[in-house]
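# A closer look at the structure
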Amino acid sequence: MKKHLKIAACLFRLNLASALEYRSSFLTQAFGMALSNSSFIFFWWIAFQQLGGYIAGYSFQDVLFIWATTSSAFGLANVLFANAANVTKLIVSGELDAYLLQPCNVLVNVLCARTSLSAYGDLAYGFILMGLAYHDTAAAWLWFFVGVLLGSLLFSAVTLTAHTLSFYWGDASMIGQLTTEFVINFSIYPDKIYGPAVRALMYSLLPIGLAIHVPLRLFRAFSPLTALAALGASLLYCVLAGVFFSRGLRRYESGNIMATRL
Amino acid sequence: MKAIETKDLGKTYRARVKAEGLAASFRALVRPQWISVDAVRGISLNVEQGEMLAFIGPNGAGKSTFIKMLCGILYPTAGELSVLGLSPARERRKLAMRIGTVFGQKSQLWLHLPAVDSFTLLAAIYEIDNAECRRRVAELTELFGLGEFLHTPVRKLSLGQRIRCEVAASLLHEPELLFLDEPTIGLDVVVKQAIRELIARRNREHGTTVFLTSHDPADIEQLCRRAVVIDHGGIVLDASVERLKSDYLGKKLIDVRFGTPQRIPALPGVTVSSESGGQKATLTVDTAVRPIGDVMERLSMTGNVLDITINNPPMEDIIAAIFQKEAVR
């Protein structure tokens, strides 16, 4: 465990150093992402101005909370584990070889090996929103942090699970991409706008609701049972995603493509 | 103790087949057809510790698949396998601590960062403490002459400099067994020679076992004492490099360019393979019949030699000769 934390920390430092090799690209992407997110919030503000106090049971303040949590959770997931979205490519092109040749957990090594520049913008944007909307509410910040940590794990686990299908089905990049879009959409709108079937999905197979909407409810009205259940279910999902990947690894067929580490 | 032991090792893939054309693509969508491909077929091979073995064969012969099973990347579908007394499939992480790999096609260095940063990561992965890492990096820097470019981003290095860093990276954890898959591919002759000398020195001083695949006959001649040739997933020849040299590597190619058109004198053991206007010629010399120095002397006596190079025949030609000869036996 200690060894893998050290490896993850070392990979984080290398990723950041690698990103900073292209300073202007890094800053453009990070600021660009924060700006893009702001436009969505502007539309939400207009919607609340037109429609009144609540939309599907959520106030404008609530929407700011789920947006902040989603943005920072997605950002943290992609700052630390951006390679989850790259797993299909690694499998299909045989690039997992490099990770299998090293004496450490393949999953830790793979997930931490890449960062996303724009994700730094997402991560920062959530904090800016929280600072504007809840600057003096300690409980909101507590549940925001819980949501960001759990959300980053779940975003990565869901993406990893979708891409792990490549071990079984061949190229699952489209499924991976769609899954990411689904979980983002499930996160940034009030969950009651969706029908029961979709809601069941967002709390089971793609359980991002546990990290975004549940913390909002716990902030409004704390329930230890709900908190424990959400935490337990989220961690169980992450463990199962890891097991699914490890099982799939046995079906890996490698390849001879030219490859380099970026 | 043996470094590598395999018995009837096999690997079979399931591959999808499809006839030509769009209609066949739709049919394959509904009813896909699969065939079994035997990439490695019953290879039994022992390699002693400290040995330097050349593992050669044409493209698609099964070399990479075999090496990947030895490294624990691929699971065998048949036979038994032990590397340094460990099962690669079951004990991949333990084995990885004791082996080093250089795959010419795949880099373990970070492209945008200096090699020294990749060494730091590798030290964390191989559980080497900071003081020991500094000592080993200093040793490898001196041995491989990395000092001038150790702190330069890898993307800015020449291919030769990058390969030197790759080999150094693979030795950082002082492996007992080194897998080298085309380590000199794309390098110029001077750098190739430097890499060979470094590998040979590592074997001499540390007793590192070397398992080498290469399409360059000079790598095999200069580094290895034993060669195993495979094709279609099976061993075709397992012999000493001395025998390989006398039987198959005895021919050299001389490319010569003259200032004015020349007529090449007929010499026993020398075949003029091609000639363009008398100013350029390629000679194939059977060194068992006529020493190469003798031919060079005769060529220089014709006068007006502008350029001359000596090459080994391509590995594909050598392998083809091996197949022909072994089939006769």
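What counts, and where the lines are drawn
- Residues numbered from 1 in each chain as written.
- Chains lettered and ligands numbered in written order.
- Predicted model: local features only at pLDDT ≥ 70, side-chain atom pairs only at ≥ 80, totals over all residues.
- Heavy atoms only, no water.
- Contact = heavy atoms within 4.5 Å.
- Buried area = accessible area lost by both parts, 1.4 Å probe.
- Salt bridge = Lys/Arg side-chain N within 4 Å of Asp/Glu carboxyl O.
- Polar contact = N/O pair within 3.5 Å; in protein donor to acceptor, adjacent residues only side chain to side chain.
- Helix = DSSP H or I, 4+ residues; strand = E, 2+ residues; numbered from the N terminus.
- Nonpolar A, V, L, I, M, F, W, Y, C, P; charged D, E, K, R; others polar.
- Buried < 20%, exposed > 50% of the residue type's maximum accessible area, 1.4 Å probe, protein only.
- Right-handed = clockwise from strand over helix to strand, strands pointing away.
- Expected span 1.5 Å × (residues − 1).
- UniProt positions renumbered as here; feature names shortened; annotations may be inferred.
- Patch = residues over 30% accessible without salt bridge, like charges linked within 9 Å, V, L, I, M, F, W, Y side chains within 5 Å.
- Areas by Shrake-Rupley, 256 points an atom, 1.4 Å probe, with all protein chains shown as cover.
- Phe/Tyr/Trp six-rings, centres within 6.5 Å; stacked < 30°, edge-to-face > 60°.
- Lys NZ or Arg CZ within 6 Å of the ring centre and 35° of its normal.
- pLDDT = per-residue confidence, 0-100.
- Pairing = 2+ DSSP bridges.
- Axes fitted to C-alpha atoms, helices over the stretch in contact; angles between N-to-C directions.

### Comments concerning the interface of chain B and chain A
Quoted interface sizes are often the accessible area lost when the parts come together. Counting residues at the interface gives 33 residues for chain B, matched by 36 residues for chain A. Of the roughly 3,300 Å² buried where chain B meets chain A, counting both sides, 60% is carbon and sulfur surface. Between chain B and chain A we count 2 salt bridges in total. The partner of Lys3(A) in a salt bridge is Glu127(B), with the nearest N and O atoms 2.9 Å apart. For the pair chain B and chain A, the interface holds 6 residue pairs in polar contact (both at pLDDT 80 or more). Elements with a minimum of two residues in the side of chain B that touches chain A: β1 (2-17), α2 (63-71), α3 (92-96), β5 (99-103), β6 (106-110) and α4 (115-125) of chain B. Per-element tally for the side of chain B that touches chain A: the top contributor is α4(B), with 6 residues. Taken together, the residues of the side of chain B that touches chain A break down into 18 nonpolar, 7 polar and 8 charged.

### Focus on the pairing of strand β8 (residues 209-213) of chain B
Regular strands have side chains that alternate between both faces of the sheet. All names here are of chain B. Among the 5 residues in β8, 5 count as buried, and that is most of the element. Both faces of β8 are covered, namely the face carrying Thr209, Phe211 and Thr213 and the face carrying Val210 and Leu212. With helix α7 (residues 189-206) bridging strand β7 (residues 177-181) and the parallel β8, this β-α-β connection has right-handed handedness.

### Quick notes on helix α12 (residues 209-220) of chain A
Residue and element names in this part refer to chain A. Counted at 1.5 Å a residue, the expected span for α12 with its 12 residues is 16 Å, and the 16 Å between its end C-alpha atoms agrees. Counting buried positions over the 12 residues of α12 gives 9, a clear majority of the element. Of the residues making up α12, those classed as buried are Gly209, Leu210, Ala211, Ile212, His213, Val214, Pro215, Leu216 and Leu218.

### Points about the UniProt feature "transmembrane region" (unreviewed entry) in chain A
In the numbering used here, UniProt assigns the feature "transmembrane region" (unreviewed entry) to residues 29-48, 60-81, 117-134, 141-161, 200-219 and 225-245 of chain A. Between the first and last C-alpha atoms of residues 29-48 of chain A the distance is 29 Å; the span itself is 100% helix and 0% strand.

### Remarks on the pattern of salt bridges
Close approach of charged atoms allows side chains of opposite charge to pair. Residue and element names in this part refer to chain B. By the definition in use, this model includes 22 salt bridges over all chains. With its nearest N and O atoms 3.1 Å apart, the salt bridge here joins Glu139 to Arg135. You can see Glu139 and its partner Arg135 sitting in helix α5 (residues 130-144), 4 residues apart, about one turn around the helix. With its nearest N and O atoms 2.9 Å apart, the salt bridge here joins Asp238 to Arg226. With a gap of 12 residues between them, Asp238 in strand β10 (residues 234-240) and Arg226 in strand β9 (residues 226-231) connect regions that are remote in the sequence. Note on Asp238: relative accessible area 40%, which makes it partly exposed.

### Thoughts on a nonpolar patch on the surface
Residue and element names in this part refer to chain A. Together, Leu153, Leu228, Leu231 and Leu235 line one region of the surface with nonpolar side chains, adding up to about 340 Å² of accessible area. When you line up the elements, Leu153 lands in helix α8 (residues 138-164). A relative accessible area of 34% means that Leu153 is categorised as partly exposed.

### A word on the packing of aromatic side chains
Applying the stated rule across the entire model yields 26 aromatic pairs over all chains. Ring centres of Phe65(A) and Tyr134(A) lie 6.0 Å apart, and the angle between their planes is 85°; this geometry places the pair in the edge-to-face category. On the criterion of sequence distance, the pair formed by Phe65(A) in helix α3 (residues 60-80) and Tyr134(A) in the loop between α7 (117-133) and α8 is long-range, its members being 69 residues apart. A network of ring pairs unites the aromatic residues Trp44(A), Phe48(A), Phe60(A) and Tyr189(A) as a single cluster. If you follow Arg220(A) out to its NZ or CZ, it ends over the ring of Tyr58(A), 5.2 Å from the centre. Note that Lys11(B) overlies the ring of Tyr13(B), its terminal NZ or CZ placed 5.5 Å from the centroid.

### Notes on the environment of Glu51(B)
Residues and elements named next belong to chain B. Within the secondary structure layout, Glu51 lies in the loop between β2 (33-48) and β3 (52-56). Take Glu51: its relative accessible area is 14%, and that puts it in the buried class. Polar contacts involving the side chain of Glu51 include one to the main-chain amide nitrogen of Glu48, which spans 2.8 Å.

### Regarding unusual backbone geometry
With glycine set apart, most residues show a phi of negative sign, and most peptide bonds adopt trans. Residue and element names in this part refer to chain B. Although it is not a glycine, Glu127 adopts a positive phi angle of roughly 55°. Inspection of the secondary structure assignment puts Glu127 in the loop between α4 and α5. You can call Glu127 exposed: its relative accessible area is 53%. At Glu182, a residue that is not glycine, the phi angle is positive and equals roughly 55°.

### Side note on the confidence of the model for chain A
Taken residue by residue, chain A gives an average pLDDT of 91. The fraction at 70 or more is 97%. For chain A, per-element mean pLDDT is lowest for strand β1 (residues 259-261) of chain A, which scores 52, and highest for α8(A), which scores 97.

### Quick look at the sheet that holds strand β4 (residues 78-83) of chain B
Pairing between sheet strands relies on hydrogen bonds along the backbone, with the strands arranged either parallel or antiparallel. All names here are of chain B. Here 3 strands make up an open sheet; going across it, the order is β2-β1-β4 and the pairing antiparallel. Lying at the two open borders of the sheet, with one neighbouring strand each, are β2 and β4. The mean inter-strand angle of the sheet, taken between neighbouring strand axes irrespective of direction, is 25°. Across 12 bridges, the pairing between β1 and β2 is antiparallel. Residue Val17 lies in a different strand from β2, and its bridge partner there is Gln33. Along the sheet, α2 makes contact with β1, β2 and β4, crossing β1 at roughly 120°.

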